[in-house]
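Spelled out, the chains give:
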Amino acid sequence: MTRESDKQPGGYGPPGDAPRLIGQGSVWIMVAAPTIWALHFVASYTFAATWCAKAGPSLAEPRWIIAMMGVICVALIGWLALLAVRRYGGVFVIFEEITESSERARDRFIGHVSLLLCILSAVAIVFTALPGFFFSTC
Amino acid sequence: MTQEIDLSKLPPAEPYDEARDKAQRKRLLDVWQEPPGWKIISAVNNDHVGKWYLLTSFAFFVFAGILALMIRAQLAVPDNDLFGQSLYNQLFTLHGTAMMFLFAVPIFEAVAILVLPEILGARDLPFPRLSAFGYWCFLIGGVFVCGSIFFGVAPDGGWFMYTPLSSNTDYSGLGADIWLLGLSFIEVSSIAAAVELIVGVLKCRPPGMRLNLMPLYCWYVLVVAGMILFAFPPLIAGDLLLEMERAFDWAFFDVDRGGDPLLWQHLFWIFGHPEVYIIFLPSIALIATMLPTFANRPMVGHSWIVLSAVGVAFLSFGLWVHHMFTTGLPEISLSFFSAASEAVAVPTGIQIFCFIATMLVSKVRASVPMLFAGGALAIFVFGGLTGVMVALVPFDWQAHDSYFVVAHLHYTLIGGMLFPLFAGIHYWYPFVTQKAMSDRLGTWSFWLMFGGFNLAFLPMHWTGVMGMPRRVWTYDVTDGWAVLNMVSTVGAFVFAAGFAVLAVNVLWPRGRQPLVERNHWNAGTMEWVAEVPDKPWGIRSIPYIHTRYPLWEQPDLMGQIDRGEWFLPDAEEGKRELIVTDILDARPLYVQRVGGPTFLTIGSAVCLGAVFILATYHLWALTLAFGVGFIGFTLWWLWTGTSEIPERPEKYAGRGLTLPTYAQGNRSPGWWAVFITMTGDLTAFMGLVFSYFFYWTALPDFFPSADQIPGISWLLLGLVGLVAGWLMTVAARRLLGEGRRGMAVGLLCGSVPVGFAGLGAWCLAAWQAGLDPTAQSFDAMVWMLILWMGLHLLLNALMQLYVAARILARICTPDYRADLMNLTLFTHFLALTAVVIFALLAIFPMLMGAA
């Protein structure tokens, strides 16, 4: 039930300041890509550790699982990058000057940083997946 | 889209009236004035607490530095017997411990508490009393840990306290307990500061300071405080396991009883590696803040630095095993961490390139802060490069535990943390004291330290490669390390001389020296708006910000602020007030009232300190007594200082803006503080979950026979009780909102026994299965998870009764029910924890076919 004291002051703020998900006007898209990297990293590490402890020294089979995980995660990040460009208006520029004081500029800034983080996270995921192809045993 | 007021089209300020200005200034002064005389220790203003924090951290730095000089004196010549071996072990352990836990991390909090509110154009941080509490915890814990060396009982197991050396009481005495309990206590203050700083950056920005306009320093603070929240709790979980083994003989690290010493290394380094970046990022943030000032232009690649800070923060959590390359983990695991260790160099490099680019495109003004910043970059880049070397597994196998690593870590930490900090000291000294430092002494101290540092640590790369292990007490003349060690020792003393010059420069009494002019360096960030001489209120009126460098890009901003033309120029109600804004665009949401000077936080910190100190000596009765004292002081502090019902629901903040004076749910900083604290708590819990799965992977027979697995029926019953307790709280929130106070109080009080009954059922399940925590790691793990739940239930019970009492006292009402909302948020986390524990105790063994 909404009470008088729950209401926003007339027109000053958004209805509730709850963290929105990665739809437009949210900061969560910034951490989404690195979070995928983190999940991928933990999954790869856990999977390899469990495999080596419980299954055996050959890495021939898990190699493809590690590769698949990498591909899926990079694809997810690609989708996030698309979102950052399309919905937030993120651009890839070196000399960033998004200093205008408007909601749209804030969105473009978040989109731009998210895009950069997507690239970094994708590179880091490739880094993590590479060893899977060089090692044949634990 | 949401309806939005255009802050740039506010009505004009009222014409200046000198009498009004004077009256407002007087009222502000009355409210923000620090208490006179000795009572100043009860002050909670960020400028006081920040200064104390800074000086205390530096005191510990000097202490740890003296220990370092003693180490170097001992190693100066071969076969030296200046200090005994036992004392030497204490020296290097305490040197590392104090530098890391009592200097490097607290100094971040100190600087942030001191300058963050000013950079944000805020009067204070959202929870000033929490900062004060954190400071007193830090002081007490630090003195306790450092003081131990004067009694010959300092920790001596190395600053990372590896088990089984530290878990077996035959090999390690009181020192290990002092380390564990003393540092756990200090971690409390770190997490308190992290909560404070995150909420500060997210919710206390000045109106209009959108995310794209937020200064780089704030980004770094946000990122680092977030890292603390995920890095420190696993260590707290590790401390808990280790102390339970030391004090009560629970089987966590003892191989004979199914424990595993490697678990400690994991938990320690999951904390320890991010910690390196927790130390490094805030210092590099100081460079990022002062560089634009001296370059006289905005930072090149502002957003790239944000990228780099966020990227480093994440990647740094994937590096911990590179401290464990020689422990015999599968090579494939090592290579994941090696890859991440290489990857982290990418974002780290990006921010360095941004700095260089900014300097290249402008004409940098020569100054002492820039001298230190330049030296910092040179040293750090060198240390970073050796870091890339040791990130490679084969190289690390050669260099591990040798002086090469000692050299590497000092290059990164002194270059990445200490020199930028010294640059910051020179830069902000006029801001804090309104006096200028001596440039001559500054230059002297820089060159002495820069030269001394390289003289001391560069040769260590060779001593390491020549085979000198770290932490050796002495060495033989035939080892061939004598000359290099002597050079290092001379360098260390030159470095110390440089620091002494800096200390003299900082502490020199400057009573008669003229005050500096305002905005001494012609900077663009808000902290330089402070009046000279300084006023206790932080900022005269809180302006509307619409640029990244307001003092450069918003003409006459200083004058407008001074004339009180912006928000909250007055303190008519005699209360300390801040404006809370929203996360994305900093739209003003409400006026928050914060607490003033108090002794309650000191009482609270002293009691909590006594609890940790007495527990070290196993004086359980006294520990309990002080525990009760701590609860008493804390409840008193909360009851009298938080969620007060305002005298009227809204107030006029100036410039046509009327704001509410109370907020609850996710609009109030308190709610965010609970959310953030509980995220940290959940991380600590994840540390325990990690331990559980670690045992499961590492031990072939972690699960005992089926009859020793706790029975599912009791476990399920327990879960039902715990979930019911949570639902009752949720229902109470709803009922109170509908005005049914009696029902709400009944549910809150009733949820306490229901929750405990649930816990009882779990205990019964474990007891019936005959689990003995001192016998096997599985048993110990099960009891630890139940104990974790129990500790949280105790806290929960206190809070339920507290809120019930608040409802009865009509401080928590249907309209003003922030307390109950925060409590409900807490119980959400509790319910999640209960479900996960149930899954670990009942479901997972069943899935694995053990039950």
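Residues numbered from 1 in each chain as written. Chains lettered and ligands numbered in written order. Predicted model: local features only at pLDDT ≥ 70, side-chain atom pairs only at ≥ 80, totals over all residues.

- Within an unreviewed UniProt entry, the label attached to chain B reads cytochrome-c oxidase, and the organism entered is Allosediminivita pacifica.
- In its Catalytic activity (unreviewed entry) section, the UniProt entry covering chain B states "4 Fe(II)-[cytochrome c] + O2 + 8 H(+)(in) = 4 Fe(III)-[cytochrome c] + 2 H2O + 4 H(+)(out)".
- Under the UniProt heading Pathway (unreviewed entry), the note attached to chain B is "Energy metabolism; oxidative phosphorylation." (UniProt positions renumbered as here; feature names shortened; annotations may be inferred.)

1. Concerning the overall build of chain B
Part 1: Of the regular secondary structure elements, chain B holds 24 helices and four strands.
Part 2: For 851 residues, the compact-globule estimate of 2.2 N^0.38 gives 29 Å, and the C-alpha radius of gyration of chain B, at 28 Å, lies within 12% of that figure.
Part 3: With the C-alpha coordinates of chain B rotated into their principal frame, the extents come out at 80 × 75 × 50 Å.
Part 4: Of the contacts formed within chain B by residues at least 6 apart in sequence, a portion of 81% connects residues at least 24 apart. (Helix = DSSP H or I, 4+ residues; strand = E, 2+ residues; numbered from the N terminus. Rg over C-alpha atoms; globule rule 2.2 N^0.38 Å. Contact = placed C-beta atoms within 7 Å.)

2. Side note on the overall build of chain A
Part 1: Summing up its helical and strand segments, chain A has four helices and zero strands in all.
Part 2: The linear arrangement of helices and strands in chain A, starting from the amino end, is α-α-α-α.
Part 3: Looking at the 138 residues of chain A, the share that counts as buried comes to 41%.
Part 4: Contacts in chain A between residues far apart in sequence, at least 24 positions, make up 71% of those at least 6 positions apart. (Buried ≥ 20, exposed ≤ 12 C-beta atoms within 10 Å, placed from the backbone.)

3. Some details on the domain arrangement of chain B
All names here are of chain B.
Part 1: Domain boundaries in chain B define domain 1 (40-278 + 531-663) and domain 2 (693-847).
Part 2: Taking the mean C-alpha position of each, domain 1 and domain 2 sit 29 Å from one another.
Part 3: Contacts between domain 1 and domain 2 engage 17 residues on the former and 18 residues on the latter.
Part 4: Breaking the side of domain 1 that touches domain 2 down by element, the ones donating at least two residues are α6 (216-248), α7 (261-295) and α19 (620-641).
Part 5: Counted by class, the side of domain 1 that touches domain 2 contains 10 nonpolar, four polar and three charged residues. (Domains from an automatic or database assignment. Nonpolar A, V, L, I, M, F, W, Y, C, P; charged D, E, K, R; others polar.)

4. So, unusual backbone geometry
Residue and element names in this part refer to chain B.
Part 1: Put simply, T163 and P164 share a cis peptide bond, and its omega is 0°.
Part 2: In this structure, P164 sits in the loop between α4 (128-147) and α5 (174-203).
Part 3: The omega angle of the peptide bond from V532 to P533 is -5°, so this bond is cis rather than trans.
Part 4: Residue position: P533 is located in the loop between α15 (482-507) and α16 (550-553).
Part 5: Of note, D249 is a non-glycine position whose phi angle comes to about 65°, a positive value.
Part 6: Looking at the element boundaries, D249 is found in the loop between α6 and α7.
Part 7: In this structure, N296 is a non-glycine residue whose phi angle is positive, near 60°.
Part 8: On the secondary structure map, N296 appears in the loop between α7 and α8 (302-315).
Part 9: For N296, a count of 14 C-beta atoms within 10 Å gives the class partly exposed.

5. Observations concerning the nonpolar core
Residues and elements named next belong to chain B.
Part 1: The biggest cluster of nonpolar side chains holds 330 residues, and the ones touching the most others in it are V221, L281 and A340.
Part 2: Element by element, the count of residues in this core is highest for α6, at 23 residues.
Part 3: Mapping this core onto the domain boundaries places at least three of its residues in each of domain 1 (40-278 + 531-663) and domain 2 (693-847).
Part 4: Not counting residues up to four positions away in its chain, the partners in contact with V221 are A112, L116, L197, V201, P282 and A285. (Core = buried A, V, L, I, M, F, W, Y, C linked by C-beta atoms within 7 Å.)

6. A look at the interface of chain B and chain A
Part 1: Residue-level contacts link 58 residues of chain B with 52 residues of chain A.
Part 2: Of all the secondary-structure elements, those providing two or more residues to the side of chain B that touches chain A are α8, α9 (331-343), α10 (345-360), β2 (588-594), β4 (657-660) and α20 (669-698) of chain B.
Part 3: Its residues assigned to classes, the side of chain B that touches chain A comprises 30 nonpolar, 17 polar and 11 charged.

7. Notes on the environment of L841 of chain B
Residue and element names in this part refer to chain B.
Part 1: Within the secondary structure, L841 sits in helix α24 (residues 818-847).
Part 2: The spatial distance from the C-alpha of L841 to the C-alpha of I786 is 9.6 Å, given a sequence separation of 55 residues.
Part 3: Sequence-distant contacts of L841, that is, excluding residues within four places in its chain, are made with P710, L715, V782 and L785.

8. Regarding helix α21 (residues 712-737) of chain B
Part 1: When the terminal C-alpha atoms of α21 of chain B are compared, their 38 Å separation across 26 residues agrees well with the 38 Å that a helix rising 1.5 Å per residue should span.
Part 2: A positive phi of about 90° marks G739 of chain B, the residue just after α21 of chain B. (Expected span 1.5 Å × (residues − 1).)

9. Digging into the confidence of the model for chain A
Residue and element names in this part refer to chain A.
Part 1: In the predicted model, chain A carries a mean pLDDT of 82, and 82% of its residues have values of at least 70.
Part 2: Across chain A, the element-wise mean pLDDT spans from 84 in helix α4 (residues 131-134) up to 94 in helix α3 (residues 103-129).
Part 3: Contacts for the low-pLDDT stretch residues 1-19, under 50 throughout, to residues beyond four places or in other chains number 37 contacts. (pLDDT = per-residue confidence, 0-100.)

10. Structural notes on the confidence of the model for chain B
Part 1: Confidence along chain B averages 94 in pLDDT terms, with 99% of residues attaining 70 or more.
Part 2: Scoring the predicted complex yields pTM 0.94 and, for the interface, ipTM 0.91.

11. Some thoughts on the UniProt feature "transmembrane region" (unreviewed entry) in chain A
Residues and elements named next belong to chain A.
Part 1: Residues annotated by UniProt as "transmembrane region" (unreviewed entry) correspond here to residues 27-52, 64-89 and 109-135.
Part 2: End C-alpha to end C-alpha, residues 27-52 measures 38 Å, and it is 96% helix and 0% strand.
Part 3: Helix makes up 88% of residues 64-89 and strand makes up 0%, while its end C-alpha atoms are separated by 36 Å.

12. Notes on the environment of R440 of chain B
Part 1: Note that R440 of chain B resides in helix α14 (residues 439-465).
Part 2: On a C-alpha basis, the gap between R440 of chain B and N505 of chain B in space is 9.5 Å, while along the polypeptide they are 65 residues apart.

13. Examining helix α1 (residues 28-55) of chain A
Part 1: Taking 1.5 Å as the rise per residue, α1 of chain A with 28 residues should run 40 Å; its terminal C-alpha atoms sit 38 Å apart, in good agreement.
Part 2: Its maximal kink placed at P34 of chain A, α1 of chain A deviates by approximately 30°. (Bend = angle between axes of the 7 residues up to and from the residue.)

14. Some words on the environment of I379 of chain B
Residue and element names in this part refer to chain B.
Part 1: Structurally, I379 is set in helix α11 (residues 368-390).
Part 2: Classification of I379 as buried rests on a count of 23 C-beta atoms within 10 Å.
Part 3: Along the chain, I379 and G415 lie 36 residues apart, while their C-alpha atoms are 4.7 Å from each other.

15. Focus: the pairing of β4 of chain B
Two faces belong to every sheet, and in a regular strand the side chains alternate between them.
Residue and element names in this part refer to chain B.
Part 1: Both strand β3 (residues 650-654) and β4 contribute to a ladder of four bridges, which runs antiparallel. Looking across to β4, one finds that E650 is bridged to P660.
Part 2: Between β3 and the antiparallel strand that follows it, β4, lie two residues; R655 among them carries a positive phi value of about 50°. (Pairing = 2+ DSSP bridges.)

16. So, the packing of α7 of chain B against α8 of chain B
All names here are of chain B.
Part 1: For the pair α7 and α8, the least separation of the axes is 11 Å and the interaxial angle reads 170°. Comparing their axes, α8 and α7 come out roughly antiparallel. Along the contact surface, α7 presents Y277, L281 and A288, while α8 presents I305, A309, V312 and A313.
Part 2: Considering only residue class, the contact of α7 with α8 consists of seven nonpolar, no polar and no charged. (Axes fitted to C-alpha atoms, helices over the stretch in contact; angles between N-to-C directions. Parallel < 35°, antiparallel > 145°, perpendicular 65-115°, else oblique.)

17. A look at the packing of α6 of chain B against α20 of chain B
Residue and element names in this part refer to chain B.
Part 1: Close contact between α6 and α20 brings their axes to 8 Å; oriented N to C, the two are set at 50°. As summarised for this structure, α6 and α20 are arranged oblique, according to the angle between their axes. Handedness of the crossing formed by α6 with α20: right-handed. Side by side, α6 and α20 meet where L229, F230, P233, P234, I236, A237, G238 and L241 of the first sit next to I676, T679, G680, D681, T683, A684, G687, L688 and S691 of the second.
Part 2: Broken down by class, the residue content of the contact of α6 with α20 amounts to 10 nonpolar, six polar and one charged. (Left-handed = near helix turned anticlockwise from the far one by under 90°.)

18. Quick notes on the pairing of β2 of chain B
All names here are of chain B.
Part 1: The buried count for β2 comes to six of seven residues, which makes it a mostly enclosed element.
Part 2: Where strand β1 (residues 576-581) and β2 come together, six bridges link them in antiparallel fashion. Note on β2: the bridge partner recorded for V580 is Y590.
Part 3: Between β1 and the antiparallel strand that follows it, β2, lie six residues; A586 among them carries a positive phi value of about 55°.

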